[in-house]
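Notes for the structure review
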Amino acid sequence: MEYKIKELTKYRQIQEKYNITTGIDGDAHFACDYRIGFELGFGGFLEKIEKYRKINPDKESFYDAEERVVKATIRFIQRHIDKLSEMIALEEHEGVKQNLTEMKKVCENIRYDAPKSFQEVCQWTAFFNCASRIYTRDGAGFQLDGLLLPYYERDIKAGILDDEKAKFLIANLLLIDPHYYQISGVDENDEDMTNHLSYLILEAADSINIATNLTVRVHENCDREFLKKSVYYLLKNKNGWPRFCNDKALAEGYMRNGVDKKTARERIAVGCNWMCVPGKEFPMNDTVKVNVAKVFDEAMKDMREEGEYSTERLFDIYEEHLKKAVSVTAEGVNLHIDHAWEVTPELIMNLMMHNTLEKGEDISQCAELYTVGIDGAGLAVVADSFGALETRVEKEELITWDEMYEALDNDFVDERTRLILNTAPKYCQGGTVSDEWAKRLTESWVRIVKAQPMPKGRQFIPGWFSWSRTIEYGSKVGATPNGRRKGEPISHGANPNPHFRTDGAPTAQANGIASVQCGYGNTAPLQIEFDPKLAADEKGVDTILRLIESHFHQGGTLININILDKKKLMEANENPERHPDLVVRVTGFTAYFASLSPQFRQLVVDRFLQGI
């Protein structure tokens, strides 16, 4: 252990220099293959553990731990059965008593045995999700309308299920825990996977009318009526769901990592910004990030010491620092993967992963795919800074390099100087110098990340995403040449800086973000908030759907949309208690606006755009 601590310490100084989120001891950001659990049940897990314990006698401690986890989950279910028995004995209302009896029977059936009915498979999922959430905050679900479909069709044919009950059960599943689920999409042959259950899932989510983490996978062959229905609920409820991801860009991008089309199509949206192949991939997605605004900050300091001023020289120095940042990030990631099984073994999720029980190894040791996501954060800050330097300092000569550095030193005490820089053309305004810098920065980011050597078949996949760390990342960065003051939040994900444009902003933002996609299956999401001035009717739905399809046609990967009433948003920002029910999509996740800190509420307000 002492050796590992020394190994970690030697990287820490460089990691802190570039404000890197290392992924070390990060959350379980991968996805189970729920088909394994549906086929085996908890009793089947125990049988499988015993089978492979005999085959791998040297892995006794691994199997002991997995057995304890399964037995604890079974006891958890038994406590529900016991409580239901108490409630049944005391219940006088016959209808309620019948419902409790049915619930008890379901729990008894799935305590050991595999789920056989639609209600049983929903309840089994709920129990497993509770256990995995408690252990490592796991939130990755599955292709909801695909895996549940056989149970739905079987029960409908047997006459023991109707659509109203199916919707009720799905609504309860969504209500119990907000795991991320995907619906719709196409299979490996480009055939539409949308089915009747897909519609019922939307209706179930609508019936509870709260934040739900549903992602609709969009493809040109998908059922267009279903896509319109999805947008309808987005407009109707204004709760930030569903999200939309682009099958073509994500599948084709992921295939560039040497993965076949079938596997790429199995990869589903089950996290804030990320995808995963269920049961096979250990991607650490959304746990590894480099604050490129901090990398730029360090490059600015070095250029000043060197005394040779130009945007081209600055870019060269920036790339030198970026290579060091990516390299030390790789060291941390590899350290984590090498030792995760010793520190935080994935005892719950191991049960539904391929090779784990068979080999007696943690999924971090035996995954089939180690396509590790690494996100850059602060793109717009850096792009706008380069754009401001090129236009205001080099071309227009409105201020000198020395005056610019002096302004950064004193944190823009002279507002005139700040405005000269801040009013330079910005990223996502459309065809600007900063738009070109954003593309160049993306090309640089992708090239350097993909060139980073990784051992044991591991590889980095680049993306742009900050999650909710914009405030923390910004606190580590000094004043920047785009007019941003010291310590202010950096830009969110691939989004432009706030107030980048007033007219046509949603379309301009969608176009700009489409141009900075990294192209290997990781996302650079379009996070957009606006009051569309549109009703949830055919015209409104078609308008929003055109925005989605246009962005995806240009190569966009993921869209998070907040449909907001501007007046309500501003009132809630001033006094959250006035609108306690207001739900917003903060990044990839949704939350009640009133539950956010004042700083995060302001970030959502700052991202707000005038309607389309």
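Summary of the structure given here. The numbering scheme is per chain: residues are counted from 1 as the chain's sequence reads. Where totals are concerned, whole chains, interfaces and linings use all residues; where local detail is concerned, this predicted model gives features only for residues with pLDDT of at least 70, and gives and counts side-chain atom pairs only at 80 or more. Calculation of side-chain values draws on the structure's entire complement of heavy atoms; hydrogens and water are dropped beforehand.

**Let's talk about the overall build of the protein chain**
Each helix is a run of H or I in the DSSP string that is no shorter than four residues. Each strand is a run of E no shorter than two, and both are numbered from the N terminus. Looking only at helices and strands, one finds 25 helices and 14 strands in the protein chain. Here the C-alpha atoms of the protein chain give a radius of gyration of 25 Å, agreeing with the 25 Å that 2.2 N^0.38 yields for 612 residues. For the protein chain, the spread of C-alpha atoms along the three principal axes comes to 80 × 60 × 45 Å. The 612 residues of the protein chain split such that 60% are buried. Throughout, a residue-residue contact means that at least one pair of heavy atoms, one from each residue, lies within 4.5 Å. Across the protein chain, every contact between residues at least 6 apart in sequence was considered, and the portion connecting residues at least 24 apart equals 76%. For the accessible areas, the method is Shrake-Rupley and the probe is 1.4 Å, while residue cover comes only from the protein chains on display. A total accessible area of about 24500 Å² is found for the protein chain, and carbon and sulfur atoms account for 50% of it. Across the protein chain, the 76 positively charged side chains and the 96 negatively charged ones have centroids separated by 1 Å. Only C-alpha atoms enter the radius of gyration, while the globule expectation follows 2.2 Å times N to the 0.38, with N the number of residues. A 1.4 Å probe rolled over the protein chains alone gives each residue an accessible area, and that area as a share of the maximum for its type sets the label: buried under 20%, exposed over 50%, partly exposed in between. Within this scheme the basic residues Lys and Arg register as positive and the acidic residues Asp and Glu register as negative, but His and the chain ends are omitted. Positions of charges follow a simple convention, taking NZ of Lys, CZ of Arg, CG of Asp or CD of Glu.

**Some details on the packing of helix 9 (residues 196-208) against helix 10 (residues 224-237)**
Viewed as axis vectors pointing N to C, helix 9 and helix 10 meet at an angle of 5 degrees, and their least axial separation amounts to 11 Å. The orientation of helix 9 with respect to helix 10, classified from their angle, is roughly parallel. Counted together, Ser198, Tyr199, Leu202, Glu203 and Asp206 of helix 9 and Glu225, Phe226, Lys229, Ser230, Tyr233, Lys236 and Asn237 of helix 10 form the full contact between these two elements. Three classes are used, and their members are as follows: Ala, Val, Leu, Ile, Met, Phe, Trp, Tyr, Cys and Pro are nonpolar, Asp, Glu, Lys and Arg are charged, and the others, Gly among them, are polar. In terms of residue class, the contact of helix 9 with helix 10 is built from 4 nonpolar, 3 polar and 5 charged. As a rule, the C-alpha atoms of each element are fitted with a line to give its axis, helices using only the stretch in contact, and angles between N-to-C directions run from 0 to 180 degrees. In these notes the angle categories are as follows: under 35 degrees is roughly parallel, over 145 is roughly antiparallel, 65 to 115 is roughly perpendicular, and the rest is oblique.

**Thoughts on the packing of aromatic side chains**
Classification of ring pairs rests on two measures: the distance between centres of Phe, Tyr or Trp rings, Trp counted by its six-membered ring, which must be within 6.5 Å, and the angle between planes, read as stacked under 30 degrees, edge-to-face over 60 and tilted in between. Inspection of the entire model under this criterion finds 28 aromatic pairs. Their ring planes at 65 degrees and their centres at 6.3 Å tell us that phenylalanine 282 and tyrosine 370 sit as a pair that is edge-to-face. Separated by 88 residues along the polypeptide, phenylalanine 282 in the loop between strand 6 (275-276) and strand 7 (289-291) and tyrosine 370 in the loop between helix 16 (363-366) and strand 8 (371-377) bring together distant segments of the chain. In this structure, phenylalanine 282 and tyrosine 370 share a single accessibility class: buried. Each ring, one from phenylalanine 315 and one from tyrosine 318, has its centre 6.1 Å from the other, and the planes form 25 degrees; the classification is stacked. With a gap of 3 residues between them, phenylalanine 315 and tyrosine 318 both fall in helix 14 (residues 311-343), about one helical turn apart.

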